[in-house]
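Each chain, written out:
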Amino acid sequence: MPTVTFVTDGKTVEAPKGPLMDVCEANQVSLPFGCKVGTCGTCTVKVLKGMEMLSKVNLFERNRLGDSRVREGCRLACQSEIVADGELVVENG
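It should be emphasised that the depicted structure is a prediction, and the values quoted were computed from it without experimental measurement. (Residues numbered from 1 in each chain as written. Predicted model: local features only at pLDDT ≥ 70, side-chain atom pairs only at ≥ 80, totals over all residues. Heavy atoms only, no water.)

**Digging into helix H2 (residues 59-71)**
What counts is decided by this rule: The numbering of helices and of strands both runs from the N terminus, where a helix is a DSSP run of H or I of at least 4 residues and a strand a run of E of at least 2. Any helix carries an expected span of 1.5 Å times its number of residues minus one. A residue's bend is the angle separating two fitted axes: one through the seven residues that end there, the other through the seven that start there. The classification of residues rests on relative accessible area computed with a 1.4 Å probe and restricted to protein chains. Under 20% of the type maximum is buried, over 50% is exposed, and intermediate values are partly exposed. The contact definition used throughout considers only heavy atoms, calling two residues in contact when any of these lie within 4.5 Å. For this analysis, a polar contact is any N or O atom pair within 3.5 Å, provided that within protein one partner can donate a hydrogen and the other can accept it, and provided that sequence-adjacent residues contribute only side-chain to side-chain pairs.
Over its 13 residues, H2 runs only 14 Å from end to end, short of the ideal 18 Å by more than 12%, given 1.5 Å per residue. Of all the bends in H2, the greatest, near 95°, is centred on leucine 65. Every buried residue of H2 is accounted for by Glu61, Leu65 and Val70. Turning to H2, the residues buried within the fold contact strand S4 (44-49) and strand S5 (74-76). Of the residues that open H2, the one with a side-chain oxygen 3.0 Å from the backbone nitrogen of phenylalanine 60 is asparagine 58. Positive backbone phi, at 100°, marks glycine 73, one or two positions downstream of H2.

**Description of the environment of alanine 26**
Structurally, alanine 26 is set in helix H1 (residues 20-26). Considering only alpha carbons, one finds alanine 26 and glutamate 52, 26 residues apart in sequence, at a separation of 22 Å.

**Observations regarding the pattern of salt bridges**
This is how the line gets drawn: Salt bridges are defined as contacts in which a side-chain nitrogen from Lys or Arg sits within 4 Å of a carboxyl oxygen from Asp or Glu.
Summed over the entire model, instances satisfying the criterion amount to 4 salt bridges. A salt bridge links glutamate 25 to lysine 36; the nearest nitrogen and oxygen atoms lie 2.6 Å apart. A residue pair is termed long-range when its members are at least 10 positions apart, and glutamate 25 in helix H1 and lysine 36 in the loop between H1 and S4 qualify at 11 residues. As a salt-bridge pair, glutamate 61 and arginine 75 come within 2.7 Å of each other at their nearest N and O atoms. A residue pair is termed long-range when its members are at least 10 positions apart, and glutamate 61 in helix H2 and arginine 75 in strand S5 qualify at 14 residues. Here arginine 75 falls in the buried class, since its relative accessible area comes to 2%.

**Comments concerning the sheet that holds strand S1 (residues 3-6)**
This is how the line gets drawn: Here, a strand pair is defined by DSSP locating no fewer than two bridges between the strands. A fitted line through C-alpha atoms represents every axis, and for helices the fit uses only the stretch in contact; the resulting angles, taken between N-to-C directions, go from 0 to 180 degrees.
Spatial strand order, S2-S1-S7-S4-S5: 5 strands in an open sheet with mixed pairing. Two strands in the sheet have a free side with no partner beyond their single neighbour: strand S2 (11-14) and S5. The average undirected angle you get between the axes of adjacent strands in this sheet is 35°. Strand direction decides the pairing type here: S4 and S5, joined by 3 bridges, are antiparallel. Across the sheet, valine 45 pairs through a bridge with arginine 75, a residue of S5. Packing against the sheet, H2 makes contact with S4 and S5, and its axis sits at approximately 170° to S5.

So this is what it looks like as structure tokens:
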């Protein structure tokens, strides 16, 4: 089962495969969010480890974040899905 560490909150949790936003909400992680559909960009996280565990960057993320932020490891929690086992480490909020 995947594990996710939220550096900002100092929490490490086991997470099912699926939307990263769901993991945040289920574990009361301090991550602001607004629209939940990729247009506002409020739920941006920075992946420090485990990018390969997430779904590929989609058009909503690329348009909202831009290529440079995507290259820096930024993702939208509402658009990113955990698709593989391993350890994911993110800075949230």
